[in-house]
Amino acid sequence: MKILKTQTLRGPNYWSIKRNKLILMRLDLEELTEVPSNEIPGFYDVLVATLPSLIEHYCSPGYRGGFLERVKKGTLMGHIVEHVALELQELAGMFVGFGRTRETADQGVFNVVYEYVEEQAGRYAGRAAVRLCNSLVETGSYPPEELEQDLADLKDLYASTALGPSTETIIKEVETRKIPWMLLSARMMLQLGYGARQQRIQATITGNTSILGVELACDKEGTKKTLQDAGIPVPQGEVISYLDELEEAIARLGGYPIVIKPLDGNHGRGITIDINNWSEAETAYDLASEASKTRSVIVEHYYRGSDHRILVVDGKVIAVAERIPAHVIGDGKSTIKELVRMTNQDPRRGEGHDNLLTKIIVDQTSLGVLDKQGYQLTTVLSKGEMAYLRATANLSTGGIAIDRTDQIHPENIWLAQRVVKTIGLDIAGIDMVTPDISKPLRTVNGVIVEVNAAPGFRMHAAPSQGLPRNVAAPVLDMLFPPGTPSRIPIIAITGTNGKTTTTRLTAHIYRQTGKTVGFSSTDGVYIGNYLAEKGDNTGPYSAGMILKDPTVEVAVLETARGGILRSGLAFDSCDIGVVLNVAADHLGLGDINTIEQMAKLKAVVAETVKPDGYAILNADDPLVAAMAEKLNCKIGYFSMNPDNPIIIDHTRRKGLAAVYENGYISILEGNWILRIEKAVNCPVTMAGMAPFMIANALAACLACFAQGVDIETIRNGVRTFNTSAQQTPGRMNLFDVRDYKVLLDYAHNPHGYEAVGSFVRNWQGKRIGVIGGPGDRRDEDLIALGQISARVFDQIIIKEDQEKRGRESGEVADLIAKGIIQEAPNIPYQTILNEPKAMKKAFKNAKQGNLVVIFPENVTKSISIIEQEMTKN
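Bear in mind the structure is a predicted one, so any value in this text is a computation, not a measurement.

A. Here's a closer look at helix 12 (residues 364-372). Taken as a whole, helix 12 has its buried residues at Ser366, Val369 and Leu370. Viewed end-on, helix 12 has its buried residues packed into an arc of 100°, placing them on one side of the element. Of the exposed residues in helix 12, the ones pointing more than 90 degrees away from its buried face are Gln364 and Asp371. Elements in contact with the buried residues of helix 12: helix 11 (336-344) and strand 18 (386-388). The N-cap residue of helix 12 is Asp363: its side-chain oxygen and the backbone nitrogen of Thr365 are 3.1 Å apart.

This is the structure:
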């Protein structure tokens, strides 16, 4: 077996709407193409011996052991690779379950689809699964050390991309509330929500966190002075910059015990507590000075008591944890070294912040702490005896946390909230040293040691002992107060033809409301009235650009087939999903080989509509209308025929629709007819002569109406939107060139040619067509272009795209010519492969009253050539 291609899907997709994170692997089974697993000697036994946990896979039988039962009876290797890829991720701590394997039109080639948690780990799991299965088939085994290495690599990949426990805590609550989120490309920032309604957060610093508050909290001495001025109990101490200042500073504090720490440190780095002699003080000074960016250190009186972290969010105490430094407890027989090893075997402990707890590291600091207690690594502790390996209580150095939220005294709550207001932070962690958190701080000689910006949530969300606290909830309540939306309206538009015009018209109508509209199309990404990025932008990257923009209040997204296949949608749900039509285009690409499969792909947009949103469907297209059966949202239909049975039945049930009736573009709301405007007064319809453009206008008007835009605003929008080369380049652009006219349209498939033909047939003069088609279309599609052109034009010039897309020069033109001859052998045609030369030949042939129709490869260049022709005398 060999992998031909691997894709990562990151949003709703062809394979699943709800399971967004999928790996799609195109797998060639080669010699195993028609060999089921029960015909491979010993395969079942070695698979079970290698991965016995596959017994937990239910598969289609629906019960434990179901998958292995299928392997025993016989299933193809693509299916087995899918399950192995899932199980490898499971064994590495990533919980996944969804998978699909389907045969493609290519003999022996399968699409293997499976879920992932972390993208790189998911792709690795696929490669490892193929390697493992190949080895089992070829050698009858997979070396244990190879499996061990695979799992180690998967764990490393997972850990290397972990966002940290605080961020993960927030994401969990975000997903519970169905707030969309995305990881931004800089500084590990998260965006919560879309567009103008977004909030940003980095760990536990929000976009609203005061930079002054952060700077003050990082300045430990400045914090202490500020709190002292407010009458808040803080440690006595001072800042020094040289070792020869230390002795006098200790004397001014009244002697030992003292604490020495960096002026600007964090995470407990460089801190030494309970210093009781000069030798210890010198060593502590060097440690703190080295950890300080300024080389300055703080010398403070040491206050005895337990270390407590009080979390304050939006001015309220949310959680309290007592932190106990890294330690081991004796069993009467093991050395301290052995106890550390046993403690680190706790599955809750990991490296750094990877897990709920951090492994204890034995280093020079640990040895010094042990020495102060009279211990060595070889010491055997009595049963129940405790030995500390760190003086500070940070979780990042192996400490543990005990929840004390319910024990804190009300006065201490008041004090903590006052402290955070004084420093000026929206989220803060206060370090309070007190022998008893249940008593007022002043009565037990306690102090506020530090105020921390960006406090960790791990100790509160998953304490070692006590009740876990949902500390992310108040953060999100602060960022998104009750009733505050996190999403902007999203209108997604798909179909075979008409997407760009409908997208632009919808955006134009919405702009009349005064809102900032972001829209993506084949021409580019637009924010407000300006082009943000030029090019074909109909995929998830461009949609993501709009959804990330903090100025965008409404998103209108042209959504093409290619982007859905490559990566899935950029959004998890939309308010309006428009499906214009489904026709034979791009068939044979991306394993979409039938028009029914294309309809299933386009339906992804409609299936992501929220339950209270609308899917806008073409009632005149049976494949589109049939999509309604699987939707869990409201439906709105549009039709060129007011007597369409679907429309009649839908409106009888008080449904919403848009129809072309008596020359009007109208909205049907139950029994009411709301006329927007006569089609002849809407420039986009070419004075009512382009039926397919009327259909596009119906879809756009209905989408806006369903989203709450009033009729008068919609009317103003359709009256003022035109198909000029400036507003909709390449979409029914009509030019006056001396005494004849030129029509430019980007139609490139039979359905598009038929649509343009419905307008061209109404032309009274001679009709000249400059036609061509993309090289990656099927032969029958290119022949059809010739057949349609022969029915529409009086004279034809065949040209070819500069990008051949795998075809030989002249091959596309020959197929189109074949269609012309089949349909109308007497129609005059000629072949000029170069597009600009073909256009110029058509201009030369054109006479007064003629219409030259051009289907270009390069819209911008073609418009330039037409404009040059217009300037000639």
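B. Examining the sheet that holds strand 11 (residues 272-275) more closely. With respect to topology, four strands assemble into an open sheet ordered 9-12-10-11, the strand pairing being antiparallel. Each of the sheet's edge strands pairs with one partner strand only, and the pair in question is strand 9 (237-240) and strand 11. Going across the sheet, the axis of each strand differs from the next one's by a mean of 20°, ignoring polarity. Across two bridges, the pairing between strand 10 (residues 258-262) and strand 11 is antiparallel. Bridge pairing in strand 11 links Ile258 to Ile275. In this fold helix 10 (residues 278-291) packs onto strand 9, strand 10, strand 11 and strand 12 (297-301), with an angle of close to 20° to the strand it touches most, strand 10.

C. Molecular detail of the pattern of salt bridges. Tallied over the entire structure, the rule returns 53 salt bridges. A salt bridge links Arg26 to Asp106; the nearest nitrogen and oxygen atoms lie 2.8 Å apart. With Arg26 in strand 2 (residues 22-28) and Asp106 in the loop between strand 3 (99-103) and strand 4 (109-115), this pair connects stretches of sequence that are 80 residues apart. The class for Arg26 is buried, based on a relative accessible area of 18%. A relative accessible area of 39% places Asp106 in the partly exposed class. Between Arg791 and Glu823 there is a salt bridge, and its shortest N-O distance comes to 3.3 Å. One end of the pair, Arg791, is in helix 25 (residues 779-792); the other, Glu823, is in helix 26 (residues 811-823), with 32 residues separating them in the sequence. The class for Arg791 is partly exposed, based on a relative accessible area of 37%. Bridged by salt links that share partners, the residues Lys220, Glu221, Lys224, Lys261, Glu300 and Glu450 form one connected network.

D. Representation of the side chain of Asn537. Mapped onto the elements, Asn537 comes out in the loop between strand 25 (530-534) and helix 17 (540-548). Accessibility expressed as a relative area gives 5% for Asn537, which makes it buried. A distance of 2.9 Å separates polar atoms of two side chains, one belonging to Asn537 and the other to Ser542. Setting aside chain neighbours within four positions, we find Asn537 in contact with Ser520, Ser521, Thr522, Gly524, Val525 and Ser542.

Rules used throughout
Residues numbered from 1 in each chain as written. Predicted model: local features only at pLDDT ≥ 70, side-chain atom pairs only at ≥ 80, totals over all residues. Heavy atoms only, no water. Buried < 20%, exposed > 50% of the residue type's maximum accessible area, 1.4 Å probe, protein only. Helix = DSSP H or I, 4+ residues; strand = E, 2+ residues; numbered from the N terminus. Arc of directions from axis to C-beta. Contact = heavy atoms within 4.5 Å. Polar contact = N/O pair within 3.5 Å; in protein donor to acceptor, adjacent residues only side chain to side chain. Pairing = 2+ DSSP bridges. Axes fitted to C-alpha atoms, helices over the stretch in contact; angles between N-to-C directions. Salt bridge = Lys/Arg side-chain N within 4 Å of Asp/Glu carboxyl O.

Interpretation in functional terms is not warranted from these geometric data alone.
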